[in-house]
Amino acid sequence: MTVIVPRCPIFRRISQFCKQLFEDAQSKNNPDLETLDSGLTLEIIPRSAHNISRRQISENALKVLYRLHKSGYKAYLVGGGVRDLLLGLEPKDFDVVTNATPEEIKKLFRNCRLVGRRFRLAHIVFGRDVIEVATFRGHHEQGNEKTSKANASGRLLRDNVYGSIDEDAERRDFTVNALYYDISDYSIRSYGGGLQDLNAGVLRLIGDPEKRYREDPVRMLRAVRFATKLDMQLDEATAAPIRDLAHLLSDIPAARMYEEVLKLFFSGKGEANYHMMQDFGLFRPLFPLLHNGIKENPKGSLARMVQMVMSNTDARVQQDKPVTPAFFYAALLWYPLRTRAEEIAHESGLNLYDASFAAMGDVLEDQCRTISIPRRFTAPARDIWQMQLRFDRSQNTRAFKLQESPKFRAAYDLLLLRGEAEGGNVAKSANWWQSFVGADDELKSTLAKSGGKAPRRRNRNPRRRRRPTGESNGENSKPQAD
């Protein structure tokens, strides 16, 4: 039997009195600080007290903001765009939030299209530039089955309940993203101490962390990405539930996870994100094949390959060189492919070369259960894998034809990584191909004719071999009898 003990009314009054004293002290220190009914604080920073200028905002975003404002709606620049401008960074995109519904937005903009089922959004298209416009989110208690829905674990399946800007701020994930730039007077609305957290370098969730992660488990990945991108520390309460809830990522649609992985590993912070994800147990739900292989041999070729892929991808991003998911996944999944090929060869009696072709479909199918890799990238990944099987067989005159393949450069780069990860015969093969690729036509012909062996260099002035004593004309002389 459960006994419920009522709280002492005297204790409740003392608690409320202390809370009121604290809030009053904050208000005196900052007269622009207001506490909402939900307990979330609101600070309004006038134009004279912040560094954001309209010259830093894209022309298309300003067009959207002004048209909404002139049409009688509230319009704000929100989230990452405001955050990055305050940090002196260049935002990748500008998102707008308004009290206009998606249908009302569509009536205002002829170049508007409505997208999303889980979150209904308006995309205002200006050529290649797309301004995303969302309607203020409200609380789910105000919705119905058609506008809001959650599954048994608490994950939101439908979230189209509209509300006020204050309610929208409460629905934001992190305080540093609950920043609104008001186009009507150019002020900034900072909720939950977002501006203070930004200055202190602290990443803090709004609301109860466990509940917010259950609503959308991808927030755990966003916590990692923002922490590394902005060089911030996760608040202790924000970090605490992640390890226990990491398994919830397995329920996220694979198509959505593909986009999240691009943000994590193609941003120039892939290596840092990888280590942080491993620490929190977030890597396993996304890459189960890799996780199992690394767990079996933490210092093996697979672990070294993953580390090198992450660091090399970061280097290319920082040097403004192109990166492609086809090479990324081909490199990460090469050793799981070899493992599966060996299993098929053992079970079916096929040679390893033929078994590798059969294993490609199995490995890609397993990975696509958690991350839906588009066909435009899985097909080139197969080509890169097939060329790995041909490198050893083509260290002859066939090397010229292999080098003409459109996927040669990507496959060659993977071979070099394999040589560094494995050593041994793979390193020898990588060295031969490195010599071949960097050679002129004459040396390439010499290398190709050598059949994979380094050409022998003949000495122009060979030293004549001394004959053993008693040797004459290549035949041993027998001693003469007396």
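Scroll up a little and you will see the structure.
Residue positions are counted from 1 within each chain, in the order its sequence is given. A pLDDT threshold of at least 70 governs which residues receive local features in this predicted model, and a stricter bar of 80 or more applies before side-chain atom pairs are shown or counted, although totals over entire chains, interfaces and linings include all residues. The side-chain figures draw on all heavy atoms in the structure; neither hydrogens nor water molecules are used.

(A) Spatial organisation of empty space enclosed by the protein. Buriedness of a pocket was judged along seven lines, with at least five required to meet protein on both sides within 12 Å; pockets are open sets of points on a 1 Å grid over the protein atoms alone, cavities are sets where a 1.4 Å probe fits but cannot get out, and lining residues have an atom within 4 Å of a point. Grid points are joined across faces, edges and corners, and a volume is the space filled by probe spheres set on the points. Going through the model one piece at a time under the given rule, you end up with 1 cavity of 30 Å³ or more. A volume near 30 Å³ is recorded for the largest cavity. Each helix is a run of DSSP H or I of at least 4 residues and each strand a run of E of at least 2, with the numbering of both proceeding from the N terminus. Secondary structure elements with two or more residues in the lining of the largest cavity: α16 (325–332) and α19 (375–391). For the lining of the largest cavity, the class distribution of residues is 7 nonpolar, 1 polar and no charged. Under the convention adopted here, Pro, Cys and the residues Ala, Val, Leu, Ile, Met, Phe, Trp and Tyr are nonpolar, Asp, Glu, Lys and Arg are charged, and Gly plus all remaining residues are polar.

(B) View of a positive patch on the surface. A cluster of like positive charges, contributed by Arg 390, Arg 393, Arg 398 and Lys 401, occupies part of the molecular surface. Assignment of secondary structure puts Arg 393 in the loop between α19 and α20 (398–403). Residues qualify for a patch when their relative accessible area is over 30% and they have no salt bridge, like charges being joined within 9 Å and the nonpolar side chains of Val, Leu, Ile, Met, Phe, Trp and Tyr within 5 Å. A 1.4 Å probe and the Shrake-Rupley method give the accessible areas. Residues count as covered only by the protein chains that appear here. Should a side-chain nitrogen of Lys or Arg be within 4 Å of a carboxyl oxygen of Asp or Glu, the pair is scored as a salt bridge. The sign given to each residue is positive for Lys and Arg and negative for Asp and Glu; His and the chain ends receive no count. Lysine's charge is taken at NZ, arginine's at CZ, aspartate's at CG and glutamate's at CD.

(C) Representation of the sheet that holds strand β7 (residues 129–135) within the structure. In spatial order, the strands read β1-β2-β11-β10-β3-β4-β7-β6-β5; together these 9 strands make up an open sheet with mixed pairing. Looking at the sheet topology across the chains shown, the edges are occupied by β1 (33–35) and β5 (112–115). The mean angle between the axes of side-by-side strands here comes to 30°, regardless of whether they run parallel or antiparallel. Pairs of strands are assigned from DSSP output, requiring at least two bridges between the strands. In this sheet, β7 lies alongside strand β6 (residues 121–126) in antiparallel orientation, the contact comprising 5 bridges. Note that in β7 the partner of Val 125 across the bridge is Val 130. In this fold helix α2 (residues 59–70) packs onto β3 (75–78), β4 (95–98), β6 and β7, with an angle of close to 35° to the strand it touches most, β7. Axes, fitted as lines to C-alpha atoms, cover a helix only where it is in contact. Angles between the N-to-C directions of the axes lie from 0 to 180 degrees. Contact definition: two residues touch when any of their heavy atoms are within 4.5 Å.

(D) Focus on the packing of helix α8 (residues 218–229) against helix α11 (residues 254–265). Between α8 and α11, the shortest axis-to-axis distance is 10 Å and the interhelical angle comes to 10°. As the angle between them shows, α8 and α11 are arranged roughly parallel. Across the interface between the two elements, Val 218, Leu 221, Arg 222 and Arg 225 of α8 pack against Arg 256, Met 257, Glu 260, Lys 263 and Leu 264 of α11. Across the contact of α8 with α11, the residue classes break down as 4 nonpolar, no polar and 5 charged. Comment on the angle field: the value is read as roughly parallel under 35 degrees, roughly antiparallel over 145, roughly perpendicular from 65 to 115, and oblique elsewhere.

(E) Structural view of the packing of aromatic side chains. Working definition: a ring pair exists when centres of Phe, Tyr or Trp rings (six-membered ring for Trp) sit within 6.5 Å. Plane angles under 30 degrees give stacked, over 60 give edge-to-face, the rest tilted. Under the defined criterion, the tally for this structure stands at 21 aromatic pairs. Plain terms: the ring middles of Phe 408 and Tyr 412 are 5.7 Å apart, the flat faces sit at 10° to each other, and that makes the pair stacked. With Phe 408 and Tyr 412 both in helix α21 (residues 408–422) and 4 residues apart, the pair spans about one turn of that helix. Neither Phe 408 nor Tyr 412 differs from the other in exposure class; each is buried. Taken together, the ring pairs in this structure connect Phe 265, Phe 266, Tyr 274, Phe 283, Phe 287, Phe 328 and Tyr 329 into an aromatic cluster. Only Lys NZ and Arg CZ are tested; either one counts as a charge over a ring when it is within 6 Å of the ring centre and within 35 degrees of the ring normal. In this structure, Arg 54 is placed above the aromatic ring of Tyr 186, and the distance from its NZ or CZ to the ring centre is 4.1 Å. Sitting above the plane of the Phe 226 ring, Arg 225 keeps its charged end 5.1 Å from the centroid. Partly exposed describes any residue whose relative accessible area lies between the buried limit of under 20% and the exposed limit of over 50%, with all areas from a 1.4 Å probe on protein chains only and scaled to the type maximum.

(F) Expanded view of the side chain of Thr 370. In this structure, Thr 370 sits in the loop between α18 (352–368) and α19. The class of Thr 370 is buried, set by a relative accessible area of 18%. If near-sequence neighbours (up to four positions away) are discounted, Thr 370 is found in contact with Ala 254, Met 257, Pro 285, Leu 286 and Pro 288.

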